[in-house]
Amino acid sequence: MDRTGSGSRALFPKGPNFTLEDFSNKDFIVRDFVDSLAENAVSQNRRSGAAQQAFDPKPLIRSFENALEGLGSLSEELQEKESELLTQVRRAEIQHDQTLDTLGRKLDLSINQFEALDITLNNPNGNERGSRGEPGGNIAVQIGEKLEELDGKRRRALDANFLIHCWLQVSETGELTSLQDIQRQGGSENKVRCAVIAHQLMRISQRLDQASWGQPNGNQRNGNTNGINGTKGAERSHNTREILEKFCETLEQDLLKQFNNSYRKQNFDDMMECAKVLHDFNGGASVIAVFVNQHQFFIDRDQLITDEVTMDGETWDQLADPDAEPPGVEPSLQSLIDEVRIIMQEESFIIKKAFPYYETVLIKFIQRVFQQSIQQRLEMVLEKASTISSLAFLRSLHSSRTYIGALIEDLKSHGLTEHPEPCSAQIAQTLDQQMEELFVPYIMGNSYIDREKKSLEELFNSLLFRFNIYHFRRKKAPTGFMASLAQRTNQLMESAKDAYLERLESSDLTPTQKAMMLRVARVQETDKNKNEIEVSEEEGFLSTANAKRMMRWLAESVRRTLELGSPSDTPKDVAILLNLLMINMGQVYVETALEAALERATSQENVKSEPDLSYLPSIRPAVTITSIMSRFTKNVLVRLAESNTTVRRSMEAQAKLEIEAIEKKTNSVMKSTMDVIINWVTKSLAQQKKLDFLPRDELDLVESLQTPTCTATCLFLSRCTTLLVQTIDGQNLENFTSELALAVQRLLFEHFKKFKVNATGGLMVTKDIARYVSTLKEWPLSKDVEAAIELLTEIGYLFIIGPEALRERSRNLASGGGISTKKLGKADFKGFIQSREDARSVGVQSVLTGL
């Protein structure tokens with residue numbers, strides 16, 4: 001068999017063939033690949049149908065060997081390519097390093113060349129520093145400065161040449177053609193140049209053409225006048241001064257006209273140019289005057305300045321009414337100030353955009369607004385208020401100052417030209433200065449506080465007029481101690497009454513103020529003779545409501561004084577107001593009422609009928625008013641004078657003296673009242689009959705609860721209690737009633753020692769004493785005084801108990817007795833026992849002997 005034929009089978013079976021693509025496939029998995037090889041080998045054995053033979057790995061081994069050979073060749077090829085690429089990389093790196101080195105050297109060379117050039121420019125002498133050790137000037141800058149200097153000299157030369165040309169033209173021909181040509185060209189720079197040249201020509205004319213300036217005799221030098229041949233000057237037929245002044249006037253008017261036109265068109269840039277030119281031309285005075293004087297606000301306000309103030313009659317009456325709240329600032333002035341606030345804020349914006357020197361313009365505008373518009377309206381308002389009343393003037397002055405002050409603060413915070421920042425220090429100072437100048441005529445010196453004092457005196461005198469009339473008629477010539485107390489207040493009271501009447505008849509008193517004074521004084525206009533006015537007793541009593549009115553009026557004055565007056569004058573001003581308060585409320589009002597009460601109390605100390613204590617309730621308002629006055633003085637007036645130690649101490653001393661004087665008179669009234677009560681209780685007890693406690697018929701005891709003397713005395717003490725509660729309270733009431741109760745207790749102790757008492761009468765004594773005790777206990781008493789009052793109950797028992805009980809009670813007697821103990825003293829015990837009808841009996845005598 002031909003082994004080499006096509007149908008022959010190879011001696012060794014071939015394994016599968018593989019290429020590189022089989023293994024480089026992305027889906028190639030080694031395990032799957034080996035499994036497929038094994039599967040193929042097993043399948044061939046199964047298909048042969050032969051008996052199972054051992055696995056033959058040779059074909060697979062050959063396949064792997066072929067694969068390994070292929071991989072080896074590929075590895076060698078890859079190694080060669082890698083070596084080639086590494087060689088190329090090394091070459092590129094070497095070339096890159098060489099390029100960087102070359103560029104670095106070129107950069108260093110460029111830097112060195114630049115530094116050398118810089119050193120050459122900055123150090124022309126080749127040194128690093130100048131001869132003085134400091135860096136030299138930059139040559140380029142120096143060259144620029146030289147060029148500018150040369151250019152400036154060239155311009156000055158040209159300007160001088162042009163100036164000489166203009167002067168020759170105006171001096172020889174009387175014309176300014178060249179200057180007018182520049183003016184016609186327009187533009188800010190040309191206008192400025194025209195203005196400068198015109199000024200220079202004016203100075204040249206003043207020096208070289210003195211004849212035009214009214215100085216024909218110039219300085220002669222070699223036959224010439226100021227270097228100009230006098231003959232030629234004399235031959236000149238035109239006046240250079242007039243020509244130049246006319247040209248300057250025309251130039252200024254044209255600029256002002258252009259400024260006005262630009263203002264109407266709101267062309268701020270052109271306004272700024274005109275303002276600059278006019279500032280260089282004449283300092284800007286003309287353009288400022290045009291802007292301020294021709295402002296529409298002033299034109300409108302000048303037309304309205306003759307208008308009357310707009311408050312109606314009812315509002316003026318309210319302004320003059322001291323009991324009504326002030327209505328506020330006058331409407332026309334308020335309207336003006338509100339308009340000024342808006343105008344100032346709007347115009348400050350325009351001023352800043354239209355003027356390079358805007359702060360100067362704003363100051364002029366502020367001065368015109370305040371010194372013309374506001375001042376004129378303020379004067380009209382205050383003049384009208386002064387025709388109403390002094391209080392209306394003060395209230396108008398205060399409300400106007402307050403409202404204008406608010407305007408000043410609003411303008412400061414708005415900032416005006418510095419908006420939204422606060423205004424500059426110079427503008428703030430100008431605003432404050434205008435504010436001060438507005439009101440200085442009204443508050444300088446003592447003029448303001450004198451007005452306040454006069455107004456308050458009118459109000460106080462009016463309010464106290466009927467009170468003073470009553471006490472003036474009541475007054476009698478006092479003697480002794482009363483004279484020393486009443487002399488000062490009598491003079492003040494009469495002075496206040498006369499001052500009111502004199503003011504009421506004054507020719508300068510306005511109708512409104514007169515009506516107000518009559519209303520406050522509760523007097524009719526039809527009362528021809530004010531001294532004949534009928535007044536009631538109640539009008540002579542103190543009124544807390546009237547005192548509060550006086551305090552409200554004073555507080556309003558203090559408020560105005562603080563806001564209108566100077567802080568340095570505040571202590572002096574409040575001292576004046578304090579003196580006014582002490583005199584009118586303290587001396588004329590409170591002390592006069594206390595003197596009247598003291599006079600009535602003193603006059604009733606020895607009356608034969610039951611005393612009238614109706615004056616007592618007047619003490620309560622005196623205490624209340626004094627307390628109000630004292631607190632206001634201490635908490636308000638004295639504190640406002642803290643900055644001046646001398647004035648403060650003087651005020652404290654004055655207030656202290658007045659309060660002490662009132663307290664002294666109040667104590668005198670209460671002391672006299674106690675004497676009146678005790679004297680009347682003494683007289684009432686003296687009415688006790690000798691046989692009141694020696695009844696022979698028990699029916700008398702049954703029919704009467706107390707003796708008539710006890711009933712009358714207790715009723716009187718009850719009436720006193722009612723009045724005392726209306727007069728004083730608190731600790732003062734307790735102290736007074738405790739002292740009065742002790743005095744009554746002592747009177748009762750002595751009273752029951754004077755009468756003989758039988759057994760039945762002892763019961764009557766007990767009932768009387770029970771009534772006395774219950775009456776006294778209605779008063780607020782201290783604990784010691786209550787204990788002393790309880791001792792009264794022991795008296796009744798001493799008249800009804802037997803000798804043994806008396807002996808038992810005698811063992812608990814105090815050695816001295818007194819209100820500090822609850823025990824009777826031996827002397828009092830003995831006195832009561834001796835008043836018993838059976839005092840001479842053996843049993844009672846044994847008790848007395850045992851004492």
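Note that this is a predicted model, so its numbers are computed, not measured. (Residues numbered from 1 in each chain as written. Predicted model: local features only at pLDDT ≥ 70, side-chain atom pairs only at ≥ 80, totals over all residues. Heavy atoms only, no water.)

On to the overall build of the protein. Along its length, the protein carries 33 helices and three strands. Counting the 851 residues in the protein, one finds 41% classified as buried. When contacts within the protein are restricted to residue pairs at least 6 apart in sequence, those whose partners lie at least 24 apart make up 77%. (Helix = DSSP H or I, 4+ residues; strand = E, 2+ residues; numbered from the N terminus. Buried < 20%, exposed > 50% of the residue type's maximum accessible area, 1.4 Å probe, protein only. Contact = heavy atoms within 4.5 Å.)

On to the environment of A788. Turning to its location among the elements, A788 is positioned in helix α29 (residues 783-790). Along the backbone, A788 and K823 are 35 residues apart, and their C-alpha atoms lie at a distance of 8.8 Å.

The subject of this paragraph is the packing of helix α21 (residues 544-564) against helix α22 (residues 570-603). Look at α21 against α22: their axes get within 10 Å of each other, and the N-to-C directions meet at 170°. Here α22 runs roughly antiparallel to α21, going by the angle between their axes. Residues N546, A547, M550, M551, L554, S557, V558, T561 and L562 of α21 form the contact with α22, whose participating residues are T570, D573, L577, L581, N584, M585 and Y589. Its residues assigned to classes, the contact of α21 with α22 shows ten nonpolar, five polar and one charged. (Axes fitted to C-alpha atoms, helices over the stretch in contact; angles between N-to-C directions. Parallel < 35°, antiparallel > 145°, perpendicular 65-115°, else oblique. Nonpolar A, V, L, I, M, F, W, Y, C, P; charged D, E, K, R; others polar.)

A cluster of nonpolar side chains, contributed by L68, L71 and L74, occupies part of the molecular surface with about 280 Å² of accessible area. Among the secondary structure elements, L74 is positioned in helix α3 (residues 58-122). (Patch = residues over 30% accessible without salt bridge, like charges linked within 9 Å, V, L, I, M, F, W, Y side chains within 5 Å. Areas by Shrake-Rupley, 256 points an atom, 1.4 Å probe, with all protein chains shown as cover. Salt bridge = Lys/Arg side-chain N within 4 Å of Asp/Glu carboxyl O.)

The next point concerns the pattern of salt bridges. All told, the structure shown has 34 salt bridges when counted by the stated rule. Here E452 ties to R560 by a salt bridge, and the two come within 2.6 Å at their closest N and O atoms. Note that E452 is positioned in helix α17 (residues 447-463) and R560 in helix α21, a separation of 108 residues in sequence. Grouping residues by exposure puts E452 and R560 together as buried.

Looking at the protein, the pLDDT average stands at 82 and 85% of residues meet or exceed 70. In the model, residues 1-12 has pLDDT below 50 throughout and makes four contacts with residues more than four positions away in sequence or in other chains. In the model, residues 128-136 has pLDDT below 50 throughout and makes five contacts with residues more than four positions away in sequence or in other chains. (pLDDT = per-residue confidence, 0-100.)

Let us look at unusual backbone geometry. Each neighbour pair has its own omega, and for H419 with P420 the value is 10°, a cis peptide bond. Note on placement: P420 falls in the loop between α15 (390-414) and α16 (425-443). Positive phi, close to 60°, is recorded for Q266, a residue that is not glycine. Here Q266 is to be found in the loop between α8 (240-264) and α9 (268-282). Phi angles above zero are rare outside glycine, and L416 is one such case at about 55°.

Counting across every chain of the model gives 15 aromatic pairs. With a centroid separation of 6.3 Å and an interplanar angle of 85°, the aromatic rings of F268 and F349 are classed as edge-to-face. Here F268 is found in helix α9, whereas its partner F349 is found in helix α13 (residues 331-354), with 81 residues between them in sequence. Centroid distance F799 to F832: 6.4 Å. Interplanar angle 75°. Geometry classified as edge-to-face. One end of the pair, F799, is in helix α30 (residues 792-800); the other, F832, is in helix α32 (residues 826-834), with 33 residues separating them in the sequence. Each member of the pair, F799 together with F832, is buried. What links up through ring pairs into an aromatic cluster is the set F259, Y263, F291, F355, Y357 and F365. (Phe/Tyr/Trp six-rings, centres within 6.5 Å; stacked < 30°, edge-to-face > 60°.)

The nonpolar side chains of a soluble globular protein tend to be buried, and buried together. Y500, L581, F752, L792 and I795 are the most contacted members of the largest nonpolar core, which totals 117 residues. Broken down by element, this core gets its largest block of residues, 15 residues, from α22. With sequence-adjacent residues up to four places away left out, L581 is seen in contact with M551, L554, G586, M629, F632, T633 and L637. Counting residues in hydrophobic clusters, the runner-up holds 86 residues, among them V329, I351, I366 and F439. (Core = buried A, V, L, I, M, F, W, Y, C linked by side-chain atoms within 4.5 Å.)

Turning to the UniProt feature "coiled-coil region" (unreviewed entry) in the protein, a few remarks are in order. This chain's UniProt record puts "coiled-coil region" (unreviewed entry) on residues 61-95. Regarding residues 61-95, the helix share stands at 100% and the strand share at 0%, and the terminal C-alpha atoms are separated by 51 Å. (UniProt positions renumbered as here; feature names shortened; annotations may be inferred.)

Glancing now at the environment of E245. Summarising the element assignment, E245 is placed in helix α8. Linking E245 and M202, residues 43 residues apart in sequence, is a C-alpha distance of 7.9 Å.

Relative to the elements of secondary structure, A641 occurs in the loop between α23 (619-640) and α24 (645-685). Under the relative-accessibility criterion, A641 is labelled buried at 0%. Residues A641 and A575 lie 66 residues apart in sequence; the distance between their C-alpha atoms is 7.8 Å. Look past the residues within four positions of A641 in its chain and what remains in contact with it is P571, V574, V647, R648 and M651.

Our focus in this paragraph is the side chain of E252. Counting through the fold element by element, E252 comes out in helix α8. Lacking a salt bridge, the buried E252 has R241 as its closest oppositely charged neighbour, with an N-O distance of 14 Å. In this structure, E252 is in contact with L278, F281, N282 and S286, ignoring residues within four places of it in sequence. (Lys, Arg positive; Asp, Glu negative; His and termini not counted.)

Turning to α22, a few remarks are in order. An ideal rise of 1.5 Å per residue puts 50 Å on 34 residues; α22 measures up with 46 Å between its terminal C-alpha atoms. In α22, a bend of some 30° at E591 exceeds every other bend along the element. Among the 34 residues of α22, 25 are classified as buried, and the element is accordingly described as predominantly covered. (Expected span 1.5 Å × (residues − 1). Bend = angle between axes of the 7 residues up to and from the residue.)

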